[in-house]
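Each chain is listed here by its residues.
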Amino acid sequence: MLASSATGRVGAPLALASAALLFLIPATVAPLMLVSTYGASREAWLPSSASALWRDGFPSLGLLVAAFSIALPYVYLGLLIWVLGNLHFGGRRSVGPAFRWTKHLRPWVMIEVYLVGCFVSYSRIKAISTVTVAVGGYSLVAAGLIFLVALTQLDERTVWEMLRPGSVARNDLQGIAPAHGRSMSCTICDLIVGQAAAGQHCPRCGATLRLRKARSTQRTLAFVLAGYLLYIPANTLPVLTTVQFGREEHNTILSGVFELIRNDLWPLAIIVFTASIVLPLIKLFGLTWMLAATRLGSDRFLVARTRLYRSIDAIGRWSNIDIFSVSVLVALLQFGSLTAVHAGGGLVAFAAVVIITMLATVVFDPRLMWDASARSRALAKR
Ligand SMILES: [Zn+2]
């Protein structure tokens, strides 16, 4: 779809984003869930799920969980409210660059993924002991749902059209407007500019204008190879170790899925299996296919490949479910020698696979597939 008419709505997404931010505060400062077993009880907080991983000897994972589930949601919502608030009340201060950053950050804001991770760990614990959802948990559900509704109400084109280059100083457009010759579009805000503008900053959103992403194939190839290598330890090393009455039990991602099946949690088993095992493979195989087809100048399935790229880009973040679910389990199930849960080295490799494949889609330029097929078609005609 090239374009649908802009909704012109700014107030509704602004109100919803503000509400999501308001619910996010109790979700961060109040306990999410309570577990009571053997006469003792423990609480899981959003920050404690990150610090538990840190204390367990995995500072990198702790930082990752803190960034994806706490810091970036706040930054993202803050920027979004800044942009929409400015437009709603007639201001224009740094709105373009701020909105560009919301686009960059969106894949890394994982409130809703964290929510599903919480639900998986909740169901896992429920199978073995008593667990109740607390104030913070309900606030997180509200924040996550309102956040998703806010995104459906947010119309990017409305925002960009309100920031027409007409409102940008005329001087900034010198040599950038598509006068004669060929033009290209800004990849962030879709502003059409002349190809002579390559290397300059977009007058509307401030992104660097590039005809194609720099060294896209080499970078994607490097990330994809690293992804394949890390996929092996991610699936063979334990991601979770349970110590119960002195007996240790190691769980890989796959055996965690089997445990869900044993506890009759079929839907969750399917979700975790798809998100943690199938999705990373689809991403790696998909990008390999795109790289190979570009190299060979193939023009088969061009549209299908472009669509696959878009969906890989959109769903990649959901692989983080297992990381979040383990972080909650590690924070909650600490009852000394009776029951204790620890993260395993496999989780680091797994987190690396998820991030690396997400970065691979960021650096890959799907336009190269079209360039390659056009080149080979031109050669064939000659
Ligand atoms: Zn732009």
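Since this is a predicted model, take the numbers as computed values, not measurements.

Cut-offs used in this document
Residues numbered from 1 in each chain as written. Predicted model: local features only at pLDDT ≥ 70, side-chain atom pairs only at ≥ 80, totals over all residues. Heavy atoms only, no water. Helix = DSSP H or I, 4+ residues; strand = E, 2+ residues; numbered from the N terminus. Rg over C-alpha atoms; globule rule 2.2 N^0.38 Å. Buried < 20%, exposed > 50% of the residue type's maximum accessible area, 1.4 Å probe, protein only. Contact = heavy atoms within 4.5 Å. Areas by Shrake-Rupley, 256 points an atom, 1.4 Å probe, with all protein chains shown as cover. Donors = N, O, S within 2.8 Å, 3.2 Å for Na, K, Ca; no water. Tetrahedral: all angles 85-135°; square planar, octahedral: opposite > 155°, others 65-115°. Axes fitted to C-alpha atoms, helices over the stretch in contact; angles between N-to-C directions. Parallel < 35°, antiparallel > 145°, perpendicular 65-115°, else oblique. Left-handed = near helix turned anticlockwise from the far one by under 90°. Phe/Tyr/Trp six-rings, centres within 6.5 Å; stacked < 30°, edge-to-face > 60°. Lys NZ or Arg CZ within 6 Å of the ring centre and 35° of its normal. Core = buried A, V, L, I, M, F, W, Y, C linked by side-chain atoms within 4.5 Å. Pairing = 2+ DSSP bridges. pLDDT = per-residue confidence, 0-100. Domains from an automatic or database assignment. Buried area = accessible area lost by both parts, 1.4 Å probe. Salt bridge = Lys/Arg side-chain N within 4 Å of Asp/Glu carboxyl O. Polar contact = N/O pair within 3.5 Å; in protein donor to acceptor, adjacent residues only side chain to side chain.

*Asks:* Where do I start with the overall build of the protein in this structure?
*Replies:* Helices and strands together make up the secondary structure of the protein, namely 14 helices and nine strands. Relative to a compact globule of 382 residues, whose C-alpha radius of gyration would be 21 Å, the protein shows 23 Å and is just as compact. Summarising its shape, the C-alpha atoms of the protein cover approximately 75 × 55 × 30 Å along the three principal directions. Burial status across the protein gives 48% buried among its 382 residues. Excluding contacts between residues fewer than 6 apart, the proportion of contacts in the protein whose partners are at least 24 apart in sequence is 73%. Per element, the accessible surface of the protein, about 18200 Å² overall, is 64% carbon and sulfur.

*Asks:* What's the story with the coordination of the zinc ion in this structure? I'm lost.
*Replies:* Reference values for angles at a metal are 109.5 degrees in the four-donor tetrahedral case and 90 or 180 degrees in the six-donor octahedral case. Looking at the zinc ion, the protein donor atoms are C186 (SG), C189 (SG), C202 (SG) and C205 (SG), and they sit 2.2 to 2.3 Å from it. Because the angles between the four donor atoms bound to the zinc ion fall within 102 to 116°, the donor set is best described as tetrahedral. All donors of the zinc ion belong to a single chain; written as a sequence motif, their spacing is C-x2-C-x12-C-x2-C. According to the relative accessible area criterion, C189 is buried, its value standing at 2%.

*Asks:* Looking at this structure, I do not really get the packing of helix α2 (residues 46-55) against helix α3 (residues 59-88). What am I missing?
*Replies:* If you want to describe how two helices pack, look at the angle between their axes and the distance between the axes. Packing of α2 against α3 leaves a shortest axis separation of 6 Å and a crossing angle of 165°. Considering their axes alone, α2 and α3 lie roughly antiparallel with respect to each other. Between α2 and α3 the crossing geometry is right-handed. Residues L46, P47, S49, A50, L53 and W54 of α2 lie in contact with α3, whose contacting residues are P59, L61, G62, L63, V65, A66, S69 and I70.

*Asks:* In this structure, what is going on with the packing of aromatic side chains? I would like to understand it.
*Replies:* This structure, assessed with the given rule, holds eight aromatic pairs. In this structure, R305 is placed above the aromatic ring of W289, and the distance from its NZ or CZ to the ring centre is 6.0 Å.

*Asks:* Would you mind showing me how to read the nonpolar core here?
*Replies:* A general feature of soluble globular proteins is that nonpolar side chains tend to end up buried together. Among the nonpolar cores identified, the biggest contains 96 residues, and Y114, L140 and C186 are the most heavily contacted of them. Ranked by the residues each element gives to this core, the list is headed by α3, at 12 residues. Other than its neighbours up to four places away in sequence, L140 contacts L24, A27, L32, I111, Y114, L115 and C118.

*Asks:* Which parts of the structure should I look at to understand the sheet that holds strand β8 (residues 334-335)?
*Replies:* Two orientations exist for strands paired in a sheet by backbone hydrogen bonds: parallel and antiparallel. In space, the four strands of this open sheet follow the order β7-β6-β9-β8, with antiparallel pairing throughout. Two strands bound the open sheet, and with one partner strand each, they are β7 (247-251) and β8. Relative to strand β9 (residues 339-343), strand β6 (residues 240-244) is paired through five bridges, and the arrangement is antiparallel. Following the sheet pairing, T242 is matched in β9 by V341. Where helix α12 (residues 321-332) meets the sheet, it contacts β6, β8 and β9, and its direction lies at approximately 145° from that of β9.

*Asks:* Sorry, what's going on with the confidence of the model for the protein here?
*Replies:* Low pLDDT marks regions whose predicted coordinates should not be analysed in detail. In the predicted model, the protein carries a mean pLDDT of 89, and 96% of its residues have values of at least 70. Confidence over residues 167-171 falls short of pLDDT 50; this stretch has two contacts with residues more than four positions distant or in other chains.

*Asks:* I tried to follow the domain arrangement of the protein on my own but got confused; where do I start?
*Replies:* Where interface size is quoted, it is often the accessible area lost as the parts come together. By domain assignment, the protein separates into domain 1 (11-164 + 212-376) and domain 2 (174-211). Relative placement of domain 1 and domain 2: their C-alpha centres are 33 Å apart. At the junction of the two partners, domain 1 supplies 12 residues and domain 2 supplies nine residues. Taken over both partners, the interface formed by domain 1 and domain 2 buries close to 940 Å², and the fraction arising from carbon and sulfur atoms is 56%. At the surface where domain 1 touches domain 2, the tally comes to zero salt bridges.

*Asks:* Just checking my understanding: could you explain the pattern of salt bridges for this structure?
*Replies:* Two side chains that carry opposite charge are able to pair once their charged atoms sit near each other. In the structure shown here, the tally under the stated rule is seven salt bridges. With a closest N to O distance of 2.8 Å, R106 and E112 form a salt bridge. Between D371 and R212 there is a salt bridge whose closest N-O contact spans 2.6 Å. Of this pair, D371 sits in helix α14 (residues 367-381) while R212 is found in the loop between β5 (192-194) and α8 (216-236), placing the two residues 159 residues apart along the sequence.

*Asks:* What is the right way to look at the side chain of T102 in this model?
*Replies:* Here T102 is to be found in helix α4 (residues 95-105). Given the relative accessible area of 3%, T102 is considered buried. In this view, T102 contacts Y76, L79 and L80; residues no more than four positions away in its chain are not counted.

*Asks:* Whenever I open this one, the side chain of T361 confuses me. Can you help?
*Replies:* On the secondary structure map, T361 appears in helix α13 (residues 345-363). For T361, the side chain forms a polar contact with the main-chain oxygen of M358, separated by 2.7 Å.

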